[in-house]
Amino acid sequence: MIAVIQRVKNASVISDGVPTGKTEQGLMLLLGIKRNDTESDALLLAEKISKLRIFSDGEGKMNLSVKDIGGEVLIVSNFTLCANYAHGNRPDYMDAEAPARASELYDYFVSAMRERVCHVGTGVFGADMEITMKADGPVTIVMDSQILKSKGNNICVSK
């Protein structure tokens, strides 16, 4: 599972022409779900992202998490994060999870984030979406659950 995490002053998403989610100060997340991702990947990312210290404290040091500041999160599914661009100029998406399973895992991730953050908005899985955001910093981090697992991360992923 891959997440692109962007610190924002605000963000909103319109799905198939209908406003569906928004956030004020907090995080904008694009979430790509890869083949063989599981609920444990979703929990691992939700726990790590909710505690990620990328907001400034009183001394201007990035030392606070979205939870610490009472911030909000907007989550948008994005299968193109699973692109294989190594051959030619047209990427393939063979590493992306099948839509039915990806939708389940997306919903599971959203639920896990809602247990950790006060306000979570979303796009609509599989919809054509337009995102508007005002980046803060900008601060952008790409996080991959497979890398977290390979580092022997000891994050508690219980619900």
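Draft legend 1. Main features of the pairing of strand 3 (residues 26–32). Strand 3 sits mainly inside the fold: six of its seven residues count as buried. Direction of pairing for strand 1 (residues 2–15) relative to strand 3: antiparallel, over a ladder of seven bridges. Note that in strand 3 the partner of Ile2 across the bridge is Gly32. In this structure, strand 3 lies alongside strand 6 (residues 72–77), joined through six bridges in parallel fashion. Following the sheet pairing, Leu27 is matched in strand 6 by Val73.

Draft legend 2. Here's a closer look at helix 2 (residues 99–114). In this model helix 2 runs 22 Å from its N-terminal to its C-terminal C-alpha over 16 residues, within 8% of the 22 Å that 1.5 Å per residue would give. The set of residues buried in helix 2 consists of Ala102, Leu105, Tyr106, Phe109, Val110, Ala112 and Met113. Summarising the axial view, the buried residues of helix 2 lie within an arc of 160 degrees, below the 170-degree limit, and thus occupy one face. The inward-facing, buried residues of helix 2 contact strand 3, helix 1 (39–51), strand 6 and strand 7 (119–122).

Draft legend 3. Local environment of the nonpolar core. The biggest cluster of nonpolar side chains holds 31 residues, and the ones touching the most others in it are Ile49, Ile75, Phe109 and Met113. Of all the secondary-structure elements, those providing two or more residues to this core are strand 1, strand 3, helix 1, strand 6, helix 2 and strand 8 (129–144). Looking at this core, the element that brings in the most residues is helix 2, giving seven residues. Beyond its immediate chain neighbours, meaning those up to four positions away, Met113 contacts Leu29, Ala46, Ile49, Val73, Ile75 and Val120. Membership of the second largest hydrophobic core comes to six residues, among which are Val8, Val13, Met28 and Val76.

Draft legend 4. Seen up close, the pattern of salt bridges. For the structure shown, the criterion picks out nine salt bridges. In this structure, the salt-bridge partner of Arg101 is Glu104, at a minimum N-O distance of 3.1 Å. Taken together, the residues span about one helical turn, with Arg101 and Glu104 both in helix 2 at a distance of three residues. Judged by relative accessible area, which is 47%, Glu104 ranks as partly exposed. Here the residues in one salt-bridge network are Glu47, Lys51, Glu115 and Arg116, joined through shared partners.

Draft legend 5. Structural detail: unusual backbone geometry. Pro138 follows Gly137 through a cis peptide bond whose omega is -5 degrees. Residue position: Pro138 is located in strand 8. A positive phi is found at Asp16, a non-glycine position, where the angle reads about 50 degrees. Within the element layout of this structure, Asp16 appears in the loop between strand 1 and strand 2 (18–23). Relative accessible area serves as the criterion here: at 56%, Asp16 is assigned to the exposed category.

Draft legend 6. Just the packing of aromatic side chains, in detail. Evaluation of the coordinates by the stated rule reveals two aromatic pairs. Ring geometry for Phe79 and Tyr93: centres 5.1 Å apart, planes at 75 degrees, overall edge-to-face. Of this pair, Phe79 sits in the loop between strand 6 and helix 2 while Tyr93 sits in the loop between strand 6 and helix 2, and the two are 14 residues apart along the sequence. A ring pair is formed by Tyr106 and Phe125, whose centres lie 5.9 Å apart and whose planes are at 45 degrees; its orientation type is tilted.

Rules used throughout
- Residues numbered from 1 in each chain as written.
- Predicted model: local features only at pLDDT ≥ 70, side-chain atom pairs only at ≥ 80, totals over all residues.
- Heavy atoms only, no water.
- Buried < 20%, exposed > 50% of the residue type's maximum accessible area, 1.4 Å probe, protein only.
- Helix = DSSP H or I, 4+ residues; strand = E, 2+ residues; numbered from the N terminus.
- Pairing = 2+ DSSP bridges.
- Expected span 1.5 Å × (residues − 1).
- Arc of directions from axis to C-beta.
- Contact = heavy atoms within 4.5 Å.
- Core = buried A, V, L, I, M, F, W, Y, C linked by side-chain atoms within 4.5 Å.
- Salt bridge = Lys/Arg side-chain N within 4 Å of Asp/Glu carboxyl O.
- Phe/Tyr/Trp six-rings, centres within 6.5 Å; stacked < 30°, edge-to-face > 60°.

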